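Listed below, chain by chain, are the residues.
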Amino acid sequence: MIYEEHLRAAESAAWSMATIPWSAIDRDAARAEPEILASLRDAALIEGYLPTFAPRLMLLLWDDIDATAILSLELYEGLKHYTALRKYLDFVGEEASRVSEQALVDAREGTSGITYRRDEIITYLTHFMCSELFAAHFFRRLGERTREPVLAELLGYMSRDELRHSAGAGALLKKRIAANSQVADEILAAAENFRHYGSDVVDIPLAEENDFEAIMAMNRKIRQLCGLAPTEHLKEELTNG
Ligand SMILES: [Fe+2]
Ligand SMILES: [Fe+2]
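The structure presented is a predicted model; accordingly, all values stated were derived computationally and were not measured.

### Focus: the overall build of the chain
Each helix and strand in the chain was counted, giving 12 helices and 0 strands. Across the 241 residues of the chain, 37% fall into the buried class. Considering only residue pairs separated by 6 or more positions, the chain has 83% of its internal contacts joining residues 24 or more positions apart.

This is the structure:
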């Protein structure tokens, strides 16, 4: 069962909020990196969006037991990420980058008009899988850039979590391809029109959306699932014209 395998992976990779050395945060080092703090704030708002984003998907996927289980892991760990990022920003104490409850409520309120259609489930799942992969690369890159050691440690854990989340979504899509091979075409089309679900709540800069490494990782992931990567598919479409 997909859930059992991913639950086992989540449990064995689990890190604890209690073992993060919060009091060892080098505030001066953190405050010297305002761009990183701003990125963490955006990431916190995206993670804090999960309690409304994940249920929206779950309700649509109610008859796919594995999907609801994988999304429940995402919900649980996403909320953990939100809490850790918020706590980190509180410790650093830079007012501009703090995430107030009201800020999160406002961000969620901006998504209240979004409705999902059941016949586009494959698109949402593909975008979810790719968003998690982009998040993994985003956290890894931030972790390499920062000079603040506690943040580097935290981002390392979170980046690995996101890779697992992406793999979970991949397993759900693989199961759907096994049941109906035409799903692969839908996945390819969705990957070509990738949109990060985080852009429901924050502006994701184009430079990040176009992150080369993340795009290559997405290509590999889609090729594993569909036998063809989005870039190859586009080329094929152009030549067949
Ligand atoms: Fe996350
Ligand atoms: Fe995630």
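### As for the packing of helix α9 (residues 183-192) against helix α12 (residues 230-240)
Two numbers describe how α9 lies on α12: the axes approach to 9 Å, and their chain directions differ by 95°. As far as their axial angle goes, α12 and α9 are roughly perpendicular. Contacts between α9 and α12 pair Leu188, Ala191 and Glu192 from the former with Pro230, His233 and Leu234 from the latter. Taken together, the residues of the contact of α9 with α12 break down into 4 nonpolar, 1 polar and 1 charged.

### Quick look at the environment of glycine 143
Residue placement: glycine 143 occurs in helix α7 (residues 121-145). A count of 19 C-beta atoms within 10 Å places glycine 143 in the partly exposed class. When the C-alpha positions of glycine 143 and glycine 156 are compared, they lie 6.5 Å apart, and in sequence the two are 13 residues distant. Not counting the four nearest positions on each side in its chain, glycine 143 is found in contact with Ala152, Leu155, Gly156 and Ser159.

### Let's talk about the environment of histidine 196
Position of histidine 196 relative to the elements: it lies in the loop between α9 and α10 (206-209). For the pair histidine 196 and phenylalanine 134, spaced 62 residues apart in the sequence, the C-alpha separation amounts to 8.2 Å.

### Structural notes on the environment of arginine 98
By the secondary structure assignment, arginine 98 is in the loop between α5 (65-92) and α6 (101-109). Between the C-alpha atoms of arginine 98 and alanine 38, which are 60 residues apart in sequence, the distance is 9.0 Å. Not counting residues within four places of it along the chain, the set of residues in contact with arginine 98 comprises Leu89 and Asp90.

About the thresholds
- Residues numbered from 1 in each chain as written.
- Chains lettered and ligands numbered in written order.
- Predicted model: local features only at pLDDT ≥ 70, side-chain atom pairs only at ≥ 80, totals over all residues.
- Helix = DSSP H or I, 4+ residues; strand = E, 2+ residues; numbered from the N terminus.
- Buried ≥ 20, exposed ≤ 12 C-beta atoms within 10 Å, placed from the backbone.
- Contact = placed C-beta atoms within 7 Å.
- Axes fitted to C-alpha atoms, helices over the stretch in contact; angles between N-to-C directions.
- Parallel < 35°, antiparallel > 145°, perpendicular 65-115°, else oblique.
- Nonpolar A, V, L, I, M, F, W, Y, C, P; charged D, E, K, R; others polar.

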